[in-house]
Amino acid sequence: MRLLWTLALVPALAAAGTSPINVLNKVEPTRTQSIGGAGVAIGVDPTLVWINPAAAVHCDGASLTMEGQQGFFRETTGQALWATPLRGGVVFAGALYYDAGTAKIADSTGALRSYDLQQDFAGMIGYAAPISKTVSSGVTLQWLRSELFNRSSSSLNGDGGVQIAISRYLKVGFALQHVGTKLTYLNHDIDLPTTARVGVALGMRPAELLPFMGSKDTLVAVLDAVQPVVEKKAYWKTGIEYRWQRLIALRAGANGGGRVELSNYAAGFGLRFGRFRLDYGIRFGHAFSNPQTLSLTVALPSLGASAPAPAASLSPAAPGPSAPPQYGGPTLPVEPEELALPTEPEPTGTPETTQVAPPPVPPAPRSDEGGLIDDLNRQLDELIHKGSSGK
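Residues numbered from 1 in each chain as written. Predicted model: local features only at pLDDT ≥ 70, side-chain atom pairs only at ≥ 80, totals over all residues. Heavy atoms only, no water.

**Q** What exactly am I supposed to notice about the overall build of the protein chain here?
**A** Assigned secondary structure in the protein chain consists of four helices and 18 strands. Looking at the protein chain residue by residue over its 391 residues, the buried ones come to 44%. Put simply, 54% of the contacts in the protein chain that link residues at least 6 apart link residues at least 24 apart. When the accessible surface of the protein chain is split by element, carbon and sulfur atoms take 63% of a total near 19700 Å². (Helix = DSSP H or I, 4+ residues; strand = E, 2+ residues; numbered from the N terminus. Buried < 20%, exposed > 50% of the residue type's maximum accessible area, 1.4 Å probe, protein only. Contact = heavy atoms within 4.5 Å. Areas by Shrake-Rupley, 256 points an atom, 1.4 Å probe, with all protein chains shown as cover.)

Spelled out as structure tokens, the structure:
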């Protein structure tokens, strides 16, 4: 019976010239799901490489993201993503899993048997690097294995994308997704969901317009135009994200256009606590369950990161007749040794010149030259990208 299902389904999809639902259709970052699926122009957030590989550029710290999603029909999708700076760019790798669940089908004897409807797995590796001060780029390579009613097929495909900073308030992004070999079931070729995306992102500080708003609050508005190559039906996605005190992000979005969607509205939030970032998104369906997505991002040590200095080097040198004050690092000054002396020296008949150590130099303020969209919307709210200027 499962063979009959496959024989009926696969030729129908091939004749219709459409793409079956697989893990490539399902993968989407929690953050972009919450803002209607848009975000191809948002950068400095490696969790967004699933829709634009260039989004990882200028990320100064390593991170690990784990995400789980429940779909419209109770199917489940999981993904993991690791990213770290390397040789002037950012390297990242991820994995995807999709399980459509099981179905009970009567066999020739009338007995009900349970079968796996569909199970997909995909692995991805990518690299993103700046082309110039205002242009970022990235590419990924993915391998997909799909099993439909125990009939398996595999595909090799890739993504590419760029982001261009027009000003400190405005960015545009372009991405081409899932370009590669077709899936083949029972000698029928099924196209991948190849998609072209173009988007714009506008960032601002509400306090610049409304003085009573928080000085650290930010607002980002996004709009994407999406063109599936196979379906030939363009549609749009849009949304907003308001971040309060760099701690809580509130998000909402919508989509529409020529393509019929099971959900047209979405909402969600993001929370920062310590070295963790929690993102949640929900889409509101018409007749089925409301898909919900939850992801957790954790800050990790970067590859090639210098080890912390020994404890001895972070303390002032032992007192001596001519020992000057020492400092353990460029950004962690130690108080002058005069303040650590228990007693003052005995006065002498001849006054001597006392050498006073210079006061500690405070760290330079972080530059905002990269723009409001990037510098104020960094992965983990500047915890794993502390000190980055977005250049």
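**Q** In this structure, what is going on with the packing of aromatic side chains? I would like to understand it.
**A** Aromatic rings considered in pairs are described by the distance between their centres and by the relative angle of their planes. A full pass over the atoms with the stated rule returns two aromatic pairs. Each ring, one from Phe-273 and one from Phe-276, has its centre 5.8 Å from the other, and the planes form 20 degrees; the classification is stacked. On the basis of relative accessibility, which here comes to 33%, the residue Phe-276 falls in the partly exposed class. Between the NZ or CZ atom of Arg-168 and the centre of the ring of Tyr-169, over which it lies, the distance is 4.9 Å. (Phe/Tyr/Trp six-rings, centres within 6.5 Å; stacked < 30°, edge-to-face > 60°. Lys NZ or Arg CZ within 6 Å of the ring centre and 35° of its normal.)

**Q** For this particular structure, what's the right way to read the confidence of the model for the protein chain?
**A** Interpretation of the predicted coordinates at a detailed level should be avoided for regions scoring low in pLDDT. Across the protein chain, the average pLDDT comes to 76, with 70% of residues at or above 70. Mean pLDDT across the elements of the protein chain bottoms out in helix α1 (residues 2-16) (42) and peaks in strand β9 (residues 170-180) (95). For the stretch residues 1-18, pLDDT sits under 50, and the model shows 31 contacts to residues farther than four places along the chain or on other chains. Across residues 305-341, where pLDDT falls below 50, the model places 28 contacts with residues more than four positions away in sequence or in other chains. (pLDDT = per-residue confidence, 0-100.)

**Q** Which parts of the structure should I look at to understand a nonpolar patch on the surface?
**A** Residues Tyr-97, Phe-121, Ile-125, Leu-141, Trp-143 and Leu-156 make up a contiguous nonpolar surface patch of about 580 Å² in total accessible area. Looking at the nonpolar patch, the elements that each hand over two or more residues are β6 (118-130) and β7 (135-148). Taking the relative accessible area as the measure of exposure, Leu-141 reaches 46% and is therefore partly exposed. (Patch = residues over 30% accessible without salt bridge, like charges linked within 9 Å, V, L, I, M, F, W, Y side chains within 5 Å. Salt bridge = Lys/Arg side-chain N within 4 Å of Asp/Glu carboxyl O.)

**Q** Looking at this structure, I do not really get the pairing of strand β15 (residues 248-257). What am I missing?
**A** In the case of a regular strand, side chains alternate between the two sheet surfaces. In this structure, strand β14 (residues 235-244) lies alongside β15, joined through 10 bridges in antiparallel fashion. Bridge pairing in β15 places Tyr-235 opposite Gly-257. From the end of β14 to the start of β15, which pair antiparallel, there are three residues, and Gln-245 there has a positive phi angle of about 55 degrees. Looking at chain direction, β15 and strand β16 (residues 263-273) are connected through seven bridges and run antiparallel. Its bridge partner being in β16, Ile-248 is matched across the sheet by Leu-271. (Pairing = 2+ DSSP bridges.)

**Q** What is the right way to read the pattern of salt bridges from this model?
**A** Charged atoms that come close allow side chains of opposite charge to pair. Summed over the entire model, instances satisfying the criterion amount to 10 salt bridges. Between Arg-251 and Glu-241 there is a salt bridge, and its shortest N-O distance comes to 2.6 Å. On the criterion of sequence distance, the pair formed by Arg-251 in strand β15 and Glu-241 in strand β14 is long-range, its members being 10 residues apart. One salt bridge connects Arg-277 with Asp-279, and the closest N-O pair in it is separated by 2.9 Å. The residues Arg-277 and Asp-279 share a single accessibility class, namely buried. Each member of the salt-bridge network shares a partner with another, and the members are Arg-31, Asp-45, Glu-241, Arg-243, Arg-251, Arg-277 and Asp-279.

**Q** I would appreciate a short explanation of the nonpolar core in the present structure.
**A** Soluble globular proteins tend to pack their nonpolar side chains together in the buried interior. If you look at the biggest cluster of nonpolar residues, it comprises 27 residues, and the most contacted ones within it are Val-23, Phe-92 and Leu-144. Secondary structure elements with two or more residues in this core: α2 (23-26), β2 (76-86), β3 (89-99), β6, β7 and β10 (183-185). The greatest single-element share of this core, amounting to four residues, is contributed by β3. In this view, Leu-144 contacts Val-23, Leu-24, Asp-120, Phe-121, Ala-122, Ser-153, Ser-154, Ser-155, Asn-157, Leu-183 and Leu-192; residues no more than four positions away in its chain are not counted. Core analysis: the second largest hydrophobic core is formed by nine residues, Ile-35, Ile-42, Leu-48 and Ala-201 among them. (Core = buried A, V, L, I, M, F, W, Y, C linked by side-chain atoms within 4.5 Å.)

**Q** Would you take a moment to explain the pairing of β16 for this structure?
**A** Relative to strand β17 (residues 276-285), β16 is paired through 10 bridges, and the arrangement is antiparallel. From the neighbouring strand, Ala-267 faces β17, where its bridge partner is Ile-282.

**Q** So what exactly am I meant to see when it comes to the side chain of Gln-79 here?
**A** Along the chain, the position of Gln-79 falls in strand β2. Under the relative-accessibility criterion, Gln-79 is labelled buried at 8%. Of the polar contacts made by the side chain of Gln-79, one reaches the side chain of Trp-50; its length is 2.5 Å. Among the polar contacts listed, one links the side chain of Gln-79 to the side chain of Glu-67, at a separation of 2.9 Å. Setting aside anything within four residues of it in sequence, one finds Gln-79 in contact with Val-27, Glu-28, Trp-50, Thr-65, Met-66, Glu-67, Ala-95 and Leu-96. (Polar contact = N/O pair within 3.5 Å; in protein donor to acceptor, adjacent residues only side chain to side chain.)

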